[in-house]
Amino acid sequence: MRFIVDKGRLIPEALAKTGKNAKPISHIDFTSSLRPTPGFPYSPELLSFLEGRQLLLEELPFSLHLIQTHYEHGYLFYEKGIVKTKHGWRCIRCGNEDGRFFASFPCARCHTVCTYCRKCIMMGRVSECTPLVASRFSFPQPRYLSPLSWNGTLSKGQQRAAGAVEDAIAQNSELTVWAVCGAGKTEVLFQGIARALEMGKRVCIATPRTDVVRELAPRLRRVFPGVPLIALYGGSEDRGKSAPLVISTTHQLLRFYCAFDVMVIDEVDAFPYSVEPMLEYAAAKARKAESSLIYLTATPHPAWQRDIRRGKRKAVTIPARYHGFPLPVPSFEWCGNWRRQLKRGRLPRNVAAWVLSRMETKKQAFLFVPQIDVLEQVVHIVKQWHERIEGVHAEDPERAEKVQAFRDGRIPLLVTTTILERGVTVPNIDVAVLGAEDDIFTESALVQIAGRVGRSAQHPDGDIRFFHYGKTRGMVAAKRQIERMNKEAAERGLLRTQ
């Protein structure tokens, strides 16, 4: 789309009396300073749809004339989709400035060779002639009296963290909650979310993974039964809806603008959020200028850990699980050149003994491996010992079915890549890593893998074994982090005494 400028206003070419001097919006110098007209009969449907969002024109199910009328009366504003910089282009929606993610094409809308951003193309194309539309209008947010309906109890560690979360929300400050795997991070949020809803604040819980959104949504609907809640992910039926409580993948935050008073980012250490600056940009853009930011993590980046220890980053730790038993500590076991042995069609002797022992005792287990080709080799070998053993990886079309079968106890041992390092909880399992020295097994990944063991109060113990062909810093750091948490938990009196 092209625009003309008339008396300081942007007018879409399709609505202008003349197309003379029409240009792509990125080529026009303008300011969006139109003040709202008092008494203007605005469209509640349009403003409600757009509130807290920044969308493409084609994402708005309203006429261009209605949108333009609200713009001219100061209720909406247009923004350039991409802007020219000294070094190239910058996408306003996703923050991308990497020239590799920009491309050009002959554009039928602006009749020029138009540059667009490929980084966020899955959300709809943003190009030189693409305006982003946002609202200047905010509806009063409802306040909810005692919205929390939960009869559970928090551990001492959870209580302390819950209080810190509530304070951060009330004070619009930033907080990192560093909680060990299985500590019960979600329950720690309940008190703070309730406080926010009582204050008339909008809350967003963002997570990198769609499956977490789907899991959290029904849980939060149960504990906040009187509060409208929407869940946003690719293909979600809630897209376009608004609610005071939003659970979203971090990618979906690209569509929001100054929307939330409380932003909670779950699994901040997880892929892709941990390696994708676009998602951090999206989360920052989705927050209001005055808002609180809560990070949840079981395995913060080493730089964050140092900042927390030095007091440079405000944080609260939960070093013990809700059941009060210490975290199982991994043991290291050298297994020689395991890749060479796999090529010969066999597992290292101690790895084979570990697997066979689980078969004999009928205790379920995960065996983590670094790559898909290794997985296929291992599965071929171990299936000879038990035909129901399976392997699973990110590209496996039967991934969900196999994971469910493992949960149901129909698969005795599941060989897996790091795709299952988090998010899958089975009450009573052992875990081993083959090739723990591989680069893919970072400190964070190994802590998460170890965190699969002992999560149930009925089965708080379990074997976690790192089979390796040479210890790495990541292995040592992971073990040290787990031991440090156990020590802190003991010093704070968070572990059971018997």
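Check the entry above for the structure.
Conventions we followed
- Residues numbered from 1 in each chain as written.
- Predicted model: local features only at pLDDT ≥ 70, side-chain atom pairs only at ≥ 80, totals over all residues.
- Heavy atoms only, no water.
- Helix = DSSP H or I, 4+ residues; strand = E, 2+ residues; numbered from the N terminus.
- Buried < 20%, exposed > 50% of the residue type's maximum accessible area, 1.4 Å probe, protein only.
- Patch = residues over 30% accessible without salt bridge, like charges linked within 9 Å, V, L, I, M, F, W, Y side chains within 5 Å.
- Areas by Shrake-Rupley, 256 points an atom, 1.4 Å probe, with all protein chains shown as cover.
- Salt bridge = Lys/Arg side-chain N within 4 Å of Asp/Glu carboxyl O.
- Lys, Arg positive; Asp, Glu negative; His and termini not counted.
- Charge placed at Lys NZ, Arg CZ, Asp CG, Glu CD.
- Pairing = 2+ DSSP bridges.
- 1 Å grid on protein atoms, 1.4 Å probe; cavity = no way out; pocket = protein on both sides within 12 Å on 5 of 7 lines; lining within 4 Å.
- Points joined across faces, edges and corners; volume = space filled by probe spheres on them.

Caption draft 1: Fine view of unusual backbone geometry. Positive phi values are uncommon outside glycine, yet lysine 7 reaches one of about 55 degrees. With respect to the secondary-structure elements, lysine 7 resides in the loop between strand S1 (2-6) and strand S2 (9-12). Judged by relative accessible area, lysine 7 falls into the exposed class, the value being 78%. One non-glycine residue, lysine 362, adopts positive backbone phi at about 55 degrees. Among the secondary structure elements, lysine 362 is positioned in the loop between helix H9 (349-361) and strand S19 (364-368).

Caption draft 2: Molecular detail of a positive patch on the surface. Taken together, the side chains of Arg306, Arg309, Arg310, Lys312, Arg480 and Arg484 make up a positively charged region of the molecular surface. Inspection of the secondary structure assignment puts arginine 484 in helix H13 (residues 473-491). Judged by its relative accessible area of 33%, arginine 484 falls in the partly exposed class.

Caption draft 3: Here's a closer look at the sheet that holds S2. Pairing in this open sheet of three strands is antiparallel, and the strands run S2-S1-S3 from one edge to the other. At either end of the open sheet lies a strand with only one pairing partner, and these are S2 and strand S3 (23-24). Pairing analysis gives two bridges linking S1 to S3, with the strands arranged antiparallel. Among the inter-strand pairings, arginine 2 is bridged to a residue of S3, identified as proline 24.

Caption draft 4: Representation of the pairing of strand S10 (residues 131-135) within the structure. Within S10, five of the five residues are buried, which leaves it mostly tucked inside the rest of the structure. Because side chains alternate across S10, one face comprises the buried residues Pro131, Val133 and Ser135, and the other comprises Leu132 and Ala134, equally buried. Bridge count between strand S5 (residues 76-80) and S10: five bridges; the pairing is antiparallel. By the bridge assignment for S10, phenylalanine 77 is matched with alanine 134.

Caption draft 5: Representation of the layout of surface pockets within the structure. If you add up the space inside the second largest pocket, you get close to 840 Å³. Considering the residues around the second largest pocket, the lining is formed by 36 residues, among which Thr186, Glu215, Arg219, Thr425 and Arg455 are closest to the centre. If you list the elements that add at least two residues to the lining of the second largest pocket, you get helix H4 (185-198), helix H5 (210-223) and strand S16 (287-297). Broken down by element, the lining of the second largest pocket gets its largest block of residues, five residues, from H5.

Function-wise, these values are silent; they only describe arrangement.
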